[in-house]
Amino acid sequence: MKKLTEGNITKQIISFSIPLLLGTALLRLYTLVDTMMVGRFLGTDPLAAVGATANIANLFIFLCWGFTSGFSIIIGQAFGEGNESKLKKTIAHTYLLSFIILSILTAAGLLLKEKILHWTQIPEELHVIASTYLTISILGLSTSMLYNVITNVLRALGDSFLPLVFQCVSVVINIILDYVFIAILGKGVAGAAIATVISQGTSGIASLIYCIFRRKVLIVSPKDFSMKENYLSLMIPQGISMSMMISVVTTGTVILQTGINSLGADIIAGYTAGRKYVELFFMPGGALASTAAAFTSQNFGAKKYDRIKAGTRTMILLAWTINLLEWIFVVLFAENMVKSITGSEVGPEIIGAGKFYMITNLPFYAFVSVLGIVRSVLQGMNKKKTPVIASIMEMVVKIIAVAVFVPCL
């Protein structure tokens, strides 16, 4: 456990965010490997099907992450206060609420799966493949939830290194299983989804076993589930707020994907290739946003408001510097990056779509990074309404953009 309430702010932010960045990089790496193997071994249609469906699957995963991340803010505040009893009880209630949310999301996903695919205009020729991928992803939500619960609790306590270790285990297993299921056993898109679920499950179980023996603070007793103190009134609004913020943004991305789905398999494939790399370049901003939530919640609990202001300025400056360097790199190497996923044999329309998406999209991540950091800071101070309103505005702009610009293509 690590206190973020004292010491050099810049050093603490960098040291905390680097494991987060590496962990996110590993996560993006194995989704990139999924996409590469599907594109190279299975062809354009399966690649387009995965691309058209991945954002829907991510919506469910991000909802799990959003709730547990929101709960962890209350845990971080209790840790910053030095209130051990409150800390234990907030951890216990995190376990209980996470199980309930997992059950609801899994049931809803399976019931609404076909309707969601219809609403998002998945091309008919991709429907069967997309349905298979989405079904396996929803059934595997429990593995994602297990990992998210443990790692978000650890991060709330100032530990961003252990989640990185568990993520390393997951990535190695996923890459091996991807090749086995797709290239050797010929399981197609289903093999890619199964490999991801197994790897996440292994990482989650490994983290659980480790914490049982080495992180005793995560072990709770029946008395910690007591409802005498109304911790649910603190945790549920925070979890809902964070999950709404995440889900509204992701829903906007699904709407954007819906517009792209109407343009055909080639454009979907090119967009998928470009987006996988753009997601990699957004990782520093995402890591700093996660750092902002942990840093702010602990300092808010300790009533150190000047550190929150200084930390926010430092994180924004770091995000802008990194984004500028990333955009220069993309301008120089965008075409080769797209070809690394699609292969060189595909048509110029696919490569051009991926290249155009990367070059035009990445500069705007300077603003997205600021938005993510500021929203996380506000969440860490129990300011729930403004982040959600900002997320809704972001979704509305995406809807307008899809309605106005897609018909022009």
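Source: prediction; values computed, not measured. (Residues numbered from 1 in each chain as written. Predicted model: local features only at pLDDT ≥ 70, side-chain atom pairs only at ≥ 80, totals over all residues. Heavy atoms only, no water.)

Focus on the overall build of the chain
Stage number 1. The helix and strand inventory of the chain stands at 14 helices and zero strands.
Stage number 2. Of the regular secondary structure in the chain, the N- to C-terminal order runs α-α-α-α-α-α-α-α-α-α-α-α-α-α.
Stage number 3. Expressed as a percentage of its 409 residues, the buried residues of the chain come to 56%.
Stage number 4. Sequence separation of at least 24 residues holds for 83% of the intrachain contacts in the chain that already meet a minimum separation of 6.
Stage number 5. Here the chain displays about 17300 Å² of accessible surface, and carbon together with sulfur accounts for 71% of that area. (Helix = DSSP H or I, 4+ residues; strand = E, 2+ residues; numbered from the N terminus. Buried < 20%, exposed > 50% of the residue type's maximum accessible area, 1.4 Å probe, protein only. Contact = heavy atoms within 4.5 Å. Areas by Shrake-Rupley, 256 points an atom, 1.4 Å probe, with all protein chains shown as cover.)

Thoughts on the packing of helix α3 (residues 84–119) against helix α5 (residues 141–156)
Stage number 1. Packing of α3 against α5 leaves a shortest axis separation of 10 Å and a crossing angle of 155°. Our classification of the angle between α3 and α5 gives roughly antiparallel. With respect to the hand of their crossing, α3 and α5 are arranged in right-handed fashion. Here α3 contributes I91, T94, Y95, S98, I101, L102, L105 and T106 to the contact with α5, which in turn contributes L141, S142, M145, V149 and V153. (Axes fitted to C-alpha atoms, helices over the stretch in contact; angles between N-to-C directions. Parallel < 35°, antiparallel > 145°, perpendicular 65-115°, else oblique. Left-handed = near helix turned anticlockwise from the far one by under 90°.)

With respect to the confidence of the model for the chain
Stage number 1. A residue-level look at the chain finds 85% of positions with pLDDT of 70 or above and a mean pLDDT of 79.
Stage number 2. Within the chain, α3 carries the highest mean pLDDT (87), whereas helix α14 (residues 385–405) carries the lowest (69). (pLDDT = per-residue confidence, 0-100.)

Details of unusual backbone geometry
Keep in mind that most residues, glycine aside, have a negative phi and that most peptide bonds are trans.
Stage number 1. The phi dihedral of K303 falls on the positive side, at around 60°, and the residue is not glycine.
Stage number 2. Assignment of secondary structure puts K303 in the loop between α10 (283–301) and α11 (305–342).
Stage number 3. Classification of K303 as exposed rests on a relative accessible area of 61%.

Overview of a nonpolar patch on the surface
Stage number 1. Residues L324, W327, I328, F329, V331, L332 and F333 make up a contiguous nonpolar surface patch of roughly 650 Å² in combined accessible area.
Stage number 2. Summarising the element assignment, L324 is placed in helix α11.
Stage number 3. On the basis of relative accessible area, L324 is assigned to the exposed category, the value being 52%. (Patch = residues over 30% accessible without salt bridge, like charges linked within 9 Å, V, L, I, M, F, W, Y side chains within 5 Å. Salt bridge = Lys/Arg side-chain N within 4 Å of Asp/Glu carboxyl O.)

Some thoughts on the pattern of salt bridges
Stage number 1. Scanning the entire structure with this criterion turns up two salt bridges.
Stage number 2. Note that K113 is salt-bridged to E114, the shortest N-O span being 2.6 Å.
Stage number 3. The class for K113 is buried, based on a relative accessible area of 11%.

Points about α10
Stage number 1. For α10, with 19 residues, the first-to-last C-alpha span of 27 Å sits near the 27 Å given by 1.5 Å per residue.
Stage number 2. For α10, the buried fraction is high: 16 of the 19 residues fall into the buried class.
Stage number 3. Phi turns positive, to about 60°, at K303, one or two residues after α10. (Expected span 1.5 Å × (residues − 1).)

Quick look at the packing of aromatic side chains
Note on aromatic pairs: each is described by the distance of the centres and the angle between the planes.
Stage number 1. Tallied over the entire structure, the rule returns three aromatic pairs.
Stage number 2. When the centroid spacing of 6.2 Å and the interplanar angle of 45° are considered together, the rings of F67 and F71 count as tilted. A residue pair is termed a helical-turn pair when its members lie 3 or 4 positions apart in one helix, as F67 and F71 do in helix α2 (residues 44–81) at four residues. Across this residue pair, the class does not change: F67 and F71 are buried. (Phe/Tyr/Trp six-rings, centres within 6.5 Å; stacked < 30°, edge-to-face > 60°.)

Topic: the environment of K113
Stage number 1. Note that K113 resides in helix α3.
Stage number 2. As for K113 and I56, which are separated by 57 residues in sequence, their C-alpha atoms are 9.4 Å apart.
Stage number 3. Once residues within four sequence positions are removed from consideration, K113 is found in contact with S131, L134 and T135.
Stage number 4. A distance of 3.4 Å separates a polar atom in the side chain of K113 from a polar atom in the side chain of T135. (Polar contact = N/O pair within 3.5 Å; in protein donor to acceptor, adjacent residues only side chain to side chain.)

What about the packing of helix α6 (residues 161–184) against helix α7 (residues 188–214)?
Stage number 1. At their nearest, the axes of α6 and α7 sit 8 Å apart, and the two run at 150° to each other. In terms of orientation, α6 and α7 fall into the roughly antiparallel class. Like other packed secondary-structure pairs, α6 and α7 cross with a definite hand, here right-handed.

Some points on the side chain of S17
Stage number 1. Positionally, S17 belongs in helix α1 (residues 9–42).
Stage number 2. Taking relative accessible area as the criterion, S17 reaches 9% and is therefore assigned buried.
Stage number 3. Reaching out from S17, the side chain makes a polar contact with the backbone oxygen of I13 at a distance of 2.8 Å.
Stage number 4. Here the side chain of S17 touches I14 through a polar contact of 3.3 Å, landing on its backbone oxygen.

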